[in-house]
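Observations on the three-dimensional arrangement
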Amino acid sequence: MKPLTLKSLLWLSLLALASTAQASENVPHSFYAQWADLPLPRQFIAGFVYEESEAYHVWAGGQSHNITTHAAGESYGIDINQGYLMLQYGLTERWALDLNIGYTSMGWRTFSAGKISSTSGLMDSSFGARYSIFSEATSSNLPTLTFRAGAILPGSFDENFPFAPGLRSAAIEPELLARKHFGWPGFGAYGDALYRWNRTTGNDQYIVSFGLFQQIKGWELDVGYRHLQTLSGSDIILYPNNTIIYPRDTRENNDAIDAGFSYTTSKRHFRYGFHSRTVVDGNNTDRKFWVGGSLEIPFGGKKE
């Protein structure tokens, strides 16, 4: 028998925590490629995020379906409420670590004949190591370009719940993030691309996003586009009576518009943010509208 390598031990530890999945992508992640910027050496950054979403339409079989339920004068769809903690630590000027964990809760009435059905638990958690390839701070002719090697551990919500808030799959994801100023002062562009090997479900994904930002003193305005593509898997089947067949290897695809703003204080460098995401097209997915707020607090650190 061959001895176990470090890589084999990592896979075994991930798979030991994994289970089957019937859900949609929902992993804690930075906004507008902000992970391209690293903390200072020996600096901690604690980020706190709260967000919620609602969806009244889903795409299944290549068609859009209205899944709104009316009860007691109210309209109900698919609702998610969640919060998570995003921790970063700067090892050196070129290396940083991050850990992202949270709790999520979701519910709907449509697929259970008007009765409230819900699931909740720990979100799919992610952690990673980031390496700064280039930095605008040292060369204005180059973009800030960062490589991230990330991994995902499955959460504790019910993976058999249709449209559950996460894949609940162990995964590994390499990622490139970039930000670059050009044109007039404070104006620039961002880009973010990752590939996710979903080891539990086998339905690998890639996610790409890009957009523009404008910085004015402590303010930053952001707007961009995001595409999620699942490379294999099965389709959702939704019957006219709202009975649903939701396969474990759902092939979720969607396109979304991101927009938000943030403000960074001049003394303590606290960052307060607002973000939103609107899914505008897709298949085997719901038409979510996300809104959320965030706070980042840096501790310590100094330039080498």
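All figures in this text were calculated on a predicted structure; none of them were measured in a lab.

Parameters at a glance
- Residues numbered from 1 in each chain as written.
- Predicted model: local features only at pLDDT ≥ 70, side-chain atom pairs only at ≥ 80, totals over all residues.
- Heavy atoms only, no water.
- Pairing = 2+ DSSP bridges.
- Helix = DSSP H or I, 4+ residues; strand = E, 2+ residues; numbered from the N terminus.
- pLDDT = per-residue confidence, 0-100.
- Contact = heavy atoms within 4.5 Å.
- Buried < 20%, exposed > 50% of the residue type's maximum accessible area, 1.4 Å probe, protein only.
- Salt bridge = Lys/Arg side-chain N within 4 Å of Asp/Glu carboxyl O.
- Phe/Tyr/Trp six-rings, centres within 6.5 Å; stacked < 30°, edge-to-face > 60°.
- Lys NZ or Arg CZ within 6 Å of the ring centre and 35° of its normal.
- Lys, Arg positive; Asp, Glu negative; His and termini not counted.
- Polar contact = N/O pair within 3.5 Å; in protein donor to acceptor, adjacent residues only side chain to side chain.

1. Examining the pairing of strand 20 (residues 271-283)
The two faces of a sheet get side chains in turn, since along a regular strand they alternate between them. Here twelve bridges tie strand 19 (residues 253-264) to strand 20, and the two strands are oriented antiparallel to one another. Bridging across to strand 20, Ala259 finds its partner in Ser276. Between strand 19 and the antiparallel strand that follows it, strand 20, lie six residues; His269 among them carries a positive phi value of about 60°. Pairing geometry for strand 20 and strand 22 (residues 289-300), over eight bridges, is antiparallel. Directly across from Tyr272, in strand 22, lies its bridge partner Leu295.

2. As for the confidence of the model for the chain
Mean pLDDT for the chain: 90, with 92% of residues reaching 70 or above. Counted against residues more than four places away or in other chains, residues 6-21, with its pLDDT under 50, gives 32 contacts.

3. Here we look at the environment of Phe161
Within the secondary structure, Phe161 sits in the loop between strand 11 (144-153) and strand 12 (164-165). Using a relative accessible area of 8% as the deciding quantity, one classes Phe161 as buried. Residues Phe161 and Ala23, spaced 138 residues apart in sequence, show a C-alpha to C-alpha distance of 7.1 Å.

4. Remarks on the pairing of strand 3 (residues 57-60)
Relative to strand 4 (residues 63-66), strand 3 is paired through four bridges, and the arrangement is antiparallel. For Ala60, the partnering residue across the bridge sits in strand 4 and is Gln63. Between the end of strand 3 and the start of strand 4, which pair antiparallel, lie two residues, with Gly61 showing a positive phi angle near 60°. Relative to strand 21 (residues 285-286), strand 3 runs antiparallel, the two sharing two bridges. Among the inter-strand pairings, Trp59 is bridged to a residue of strand 21, identified as Thr285.

5. Thoughts on the sheet that holds strand 3
The strand order 4-3-21 describes an open sheet built from three strands, whose pairing is antiparallel. Two strands close off the open sheet at either side, each with one partner strand: strand 4 and strand 21.

6. Remarks on the pattern of salt bridges
Tallying each qualifying case throughout the model produces 14 salt bridges. Here Arg148 makes a salt bridge to Glu175, at a shortest N to O gap of 3.6 Å. With Arg148 in strand 11 and Glu175 in strand 13 (residues 171-181), this pair connects stretches of sequence that are 27 residues apart. Residue Arg148 is classed as buried on the basis of its relative accessible area, which comes to 0%. The salt bridge partner of Lys288 is Asp286, with a shortest N-O separation of 2.7 Å. By relative accessible area, Lys288 is classed as buried at 6%. Taken together, the salt bridges that share partners define one network made up of Glu25, Asp98, Arg130, Arg148, Glu173, Glu175, Arg196 and Arg226.

7. Here's the deal with the packing of aromatic side chains
Inspection of the entire model under this criterion finds 15 aromatic pairs. Measuring from ring centre to ring centre gives 4.5 Å for Phe44 and Tyr89, while their planes differ by 40°; the resulting arrangement is tilted. On the criterion of sequence distance, the pair formed by Phe44 in strand 2 (residues 43-55) and Tyr89 in strand 7 (residues 78-90) is long-range, its members being 45 residues apart. Ring pairs connect the aromatic residues Trp108, Phe111, Phe161, Phe163 and Tyr246, which therefore count as one cluster. Just above the ring of Tyr76 sits the side chain of Arg109; from NZ or CZ to the centre is 3.9 Å. A cation over an aromatic ring shows up here: Arg179 above the ring of Phe213, its NZ or CZ 4.2 Å from the ring centre.

8. So, the side chain of Glu252
Following the sequence through the fold, Glu252 ends up in the loop between strand 18 (244-245) and strand 19. An unpaired buried charge is present at Glu252: no salt bridge exists, and Lys288, the closest side chain of opposite charge, is 4.9 Å distant. Polar side-chain contacts of Glu252 include one of 3.5 Å to the side chain of Asn254. When neighbours within four sequence positions are excluded, Glu252 is seen to be in contact with Ser24, Glu25, Gln205, Leu228, Gln229, Thr230, Asn283, Asn284 and Thr285.

9. Re the environment of Ala149
Topologically, Ala149 is positioned in strand 11. In this structure, the C-alpha to C-alpha distance between Ala149 and Glu175, residues 26 residues apart in sequence, is 6.4 Å. Among all residues touching Ala149, those that are not within four sequence positions of it are Phe127, Gly128, Ala129 and Glu173.

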